[in-house]
Amino acid sequence: MSSHALTPTRRPTGEILFALLFVSVGAAGLLTAGSIPIPPSETGIGPRAFPYIVCGMLVLVGTGIVVQVLRGKVGQAEEGEDLDVDAKTDWIALAKLVGFVILHIFLIEPAGWPVAAAVLFSGAAWTLEAKPLGKAILVSVAMALVLQYVFGGLLGVSLPPGPLLEGVPFFHG
Amino acid sequence: MLLLEGFSTALQPVYLLYALGGVFVGTAVGVLPGIGPAMTVALLMPITYALDPAAALIVFAGIYYGGMYGGSTTSILLNTPGESSSIVTALEGNKMAKAGRGAAALATAAIGSFIAGTIATVLLSFLAPVVADLAVGLGPVDYVALMVVAFLTVGALLGASVLRGLASLALGLFIGLIGIDDSTAQQRFTFDNPNLVDGIDMVLVAVGLFALGEALYVASKLRHGPVEVIPVSKGKNAWLSKEDWKRSWKPWLRGTFIGFPIGTVPAGGADVSTFLSYAAERKLAKGAHKAQFGKGAIEGVAGPEAANNAAAAGVLVPLLTLGIPTTATAAMMLTAFQRYQIQPGPLLFENQSALVWTLIASLYVGNLMLLVLNLPLVGLWVKILQIPRPYLYAGILVFAALGAFSVNFSPSDVGVLLVVGILGYFMRRYGYPVAPMVVAMILGPMFEVQLRRSLQLSQNDPAALISTPFAVVVYATMGLIFLGSWWLRRRQAALEAVTEKEEVSV
């Protein structure tokens, strides 16, 4: 479990930047917490106290992590069943997946949920090198229609069927 | 006798069907590699949106136990380590499967889970009303004390790095602050954005962190090639022998009584209890059985699996009676309850007793169904384990997006999901535990209300926070828990060191 933590070959730049993100969220919070209005009737510690404490904690803990990382104590990446721990991070695959989720978001309303879901599924399967691709696309279409039927039709979750399936009654509840 | 009424609801044919469906879906999703119980509950939330509260609770009871159990099948049959609460099962279970004893390992896990789950549910049925009665008398000061304990244990005990756990906790608290202040109705950190006034929905954060974050993280380092599942041998010899039964029943019972108490106090939930049970079995084993540890000792599967399920029931005690979630899975259950305007807490047993007892009755039912379903369906679980990984993770993405969209039927929520998912990716990459963030987001606003109420009542005198005997006892116990947990962590580290050494030497 811990044996991988002993390989400090990775440059910790990214890790420091991520810890600084916590610091900057905290700092931004500290700067803006002063503008939270306090109603005149307030007799307790008011609505600002907790934000100050939480943001202060973010700044302190984030700084602590930066110091730790600089002193060589880097984080221990999570492990999992399908992970190849020794593999390099595939940034292109990540970018593609994020891209497909964004595409999905913009497709839901104009094209309907089933189309958006099929695009997301086949895009993700393509990114992760599903073979053959034609089969993945067929699976995606079948899955999108089944989900639309089960959730939109049977369970009454109002997923927009989109212009293609608008006329099919069992796709909406 | 309220329990009998609960049974009369839970045993109606329609509800039995719901329970069956919940257990089945929960196990099927829980079996999927990389999906822990919290993620199972988060991902499956949309399927209950259209159900009535009783049916939804019954389905959730099934999903909860099914998801807890599913992980053990994964770790026994898959050649790679699994999620933390079943990783101990993998130590011995995986070895047993490789030695052709996979069916016996699965059987002792299933029967152990059933026995532990049933005993723990009985304990829950007796303990919960008593705790609820006591809890009715608790004031804001007492709640502050309880929640301080929950925060510290969840933030500081989970994960390898205390600072990262606290960072995750603080970020969860911060997200919980966004929106309208419960006490004064002032907007905080909304930046006049109308979408932020109601705060960020818990489901988006949970699904983003657990499902999307995990999918992105695995995708970035996906192991390509075929999935290796250890074949389950059939035939008479594969099933539990008389000897196996003899070796299993004590660990089952010991696991139950280790798991349940640990589940009820905020001390890390299932993970800690499985490690403790494993350590206990290892220590108690004698002679040839002791030598088997590390090579497939059945006690090492039976004990931890029982502890895991007993802890799952134990966690429901503080959740139902105090409304305090102590694990990420419990936080997800609480979110699910709140969607149905069910507010767990001391008043729950008075105001909605029919519903609570239906839930508890369905825990018994779900447990039995788990046993009945699991063993005959092993073939199906193996098929599920073999789903090609591109399909699996593409499917998780689609389900996560569906879950996010169906919260308010707004595509911009899927955008929030994506942002949280990217955050979850980096948290995994740099070793930040995500569970404290989820728990903090739920507990934070509750804590603030109680804290401010206590201070208001005492005209801002902080000494009021230790003014009740209950609070003093809680803070003192917290000190002890921390000492104890420090000891536990050392035990756990020592145990890991031992097993690692053995793996190298094998």
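Residues numbered from 1 in each chain as written. Chains lettered and ligands numbered in written order. Predicted model: local features only at pLDDT ≥ 70, side-chain atom pairs only at ≥ 80, totals over all residues.

Peer 1: Explain the overall build of chain B to me, using residue names and the numbers behind them.
Peer 2: Within chain B one finds 20 helices and two strands. Over its C-alpha atoms, taken along the principal directions, chain B stretches across nearly 70 × 50 × 50 Å. Expressed as a percentage of the 506 residues in chain B, the buried residues total 60%. Across chain B, the fraction of contacts at a sequence separation of at least 24, relative to all contacts at a separation of at least 6, is 80%. (Helix = DSSP H or I, 4+ residues; strand = E, 2+ residues; numbered from the N terminus. Buried ≥ 20, exposed ≤ 12 C-beta atoms within 10 Å, placed from the backbone. Contact = placed C-beta atoms within 7 Å.)

Peer 1: Give me the lowdown on the overall build of chain A, citing residues and values where you can.
Peer 2: When helices and strands are counted, chain A shows six helices and zero strands. Along chain A, helices (α) and strands (β) appear in the sequence α-α-α-α-α-α when read from the amino end. Pairs at least 24 apart in sequence give 53% of the contacts found in chain A among residues at least 6 apart.

Peer 1: Can you explain the interface of chain A and chain B? Please cite residues and give values.
Peer 2: Counting residues at the interface gives 67 residues for chain A and 69 residues for chain B. If one sorts the elements of the side of chain A that touches chain B by residue count, helix α2 (residues 46-70) of chain A sits on top with 12 residues. Classifying every residue of the side of chain A that touches chain B gives 41 nonpolar, 16 polar and 10 charged. (Nonpolar A, V, L, I, M, F, W, Y, C, P; charged D, E, K, R; others polar.)

Peer 1: Before we move on, can you summarise the environment of B:D198 with the specific residues and values?
Peer 2: Take B:D198: it is sitting in the loop between β2 (187-188) and α8 (202-220). In this structure, the C-alpha to C-alpha distance between B:D198 and B:G179, residues 19 residues apart in sequence, is 5.2 Å.

Peer 1: So what about the nonpolar core? Which residues, and what values?
Peer 2: Core analysis: the biggest nonpolar cluster contains 219 residues, and B:A42, B:V207, B:A211, B:L397, B:A400, B:A401 and B:V438 have the highest contact counts within it. Sorting elements by how many residues they give to this core places helix α5 (residues 84-136) of chain B first, with 23 residues. Residue contributions to this core reach at least three from each of two domains, namely domain 1 (3-70) and domain 2 (91-171) of chain A. Setting aside anything within four residues of it in sequence, one finds B:A42 in contact with B:A206, B:V207, B:F210, B:A211 and B:M332. (Core = buried A, V, L, I, M, F, W, Y, C linked by C-beta atoms within 7 Å. Domains from an automatic or database assignment.)

Peer 1: Any details on the domain arrangement of chain A? Residues and values, ideally.
Peer 2: Segmentation of chain A into domains returns domain 1 (3-70) and domain 2 (91-171). Spacing between the C-alpha centres of domain 1 of chain A and domain 2 of chain A amounts to 38 Å.

Peer 1: Describe in detail the confidence of the model for chain A, supporting the description with residues and values.
Peer 2: Residues and elements named next belong to chain A. Residue-level pLDDT values for chain A average 85, and 90% of them are 70 or greater. The secondary structure element of chain A with the lowest average pLDDT is helix α6 (residues 162-165), at 80, and the one with the highest is helix α4 (residues 113-127), at 95. In the predicted structure, residues 1-8 sits below a pLDDT of 50 and forms nine contacts with residues beyond four places in sequence or in another chain. (pLDDT = per-residue confidence, 0-100.)

Peer 1: Help me get a handle on helix α2 (residues 13-31) of chain B, residues and values and all.
Peer 2: Residues and elements named next belong to chain B. The first and last C-alpha atoms of α2 sit 27 Å apart over 19 residues, in line with the 27 Å expected at 1.5 Å per residue. All of the buried residues in α2 are Y15, Y18, A19, G22, V23, G26, T27, V29, G30 and V31. Buried residues along α2 sit in contact with α1 (2-10), α3 (37-44), α4 (53-77), α15 (353-374) and α16 (378-385). (Expected span 1.5 Å × (residues − 1).)

Peer 1: Now, about the environment of B:Y69: what can you tell me, with residues and values included?
Peer 2: Along the chain, B:Y69 falls in helix α4. Separated by 329 residues in sequence, B:Y69 and B:V398 place their C-alpha atoms 24 Å apart.

Peer 1: Describe the packing of α2(A) against helix α7 (residues 162-177) of chain B, naming the residues involved and giving the relevant values.
Peer 2: Each pair of packed helices can be summarised by the angle the axes make with each other and by the distance between the axes. At a minimum axis separation of 9 Å, α2(A) and α7(B) run at an interaxial angle of 150 degrees. In terms of their interaxial angle, α2(A) and α7(B) are classed as roughly antiparallel. Crossing angle aside, the handedness with which α2(A) passes α7(B) is left-handed. Between α2(A), through A:F50, A:P51, A:V54, A:C55, A:M57, A:L58, A:V61, A:G62, A:G64, A:I65 and A:Q68, and α7(B), the contact on the second element is made entirely by B:L163, B:R164, B:L166, B:A167, B:A170, B:L171, B:L173, B:F174 and B:L177. Partitioned by chemical class, the residues of the contact of α2(A) with α7(B) number 16 nonpolar, three polar and one charged. (Axes fitted to C-alpha atoms, helices over the stretch in contact; angles between N-to-C directions. Parallel < 35°, antiparallel > 145°, perpendicular 65-115°, else oblique. Left-handed = near helix turned anticlockwise from the far one by under 90°.)

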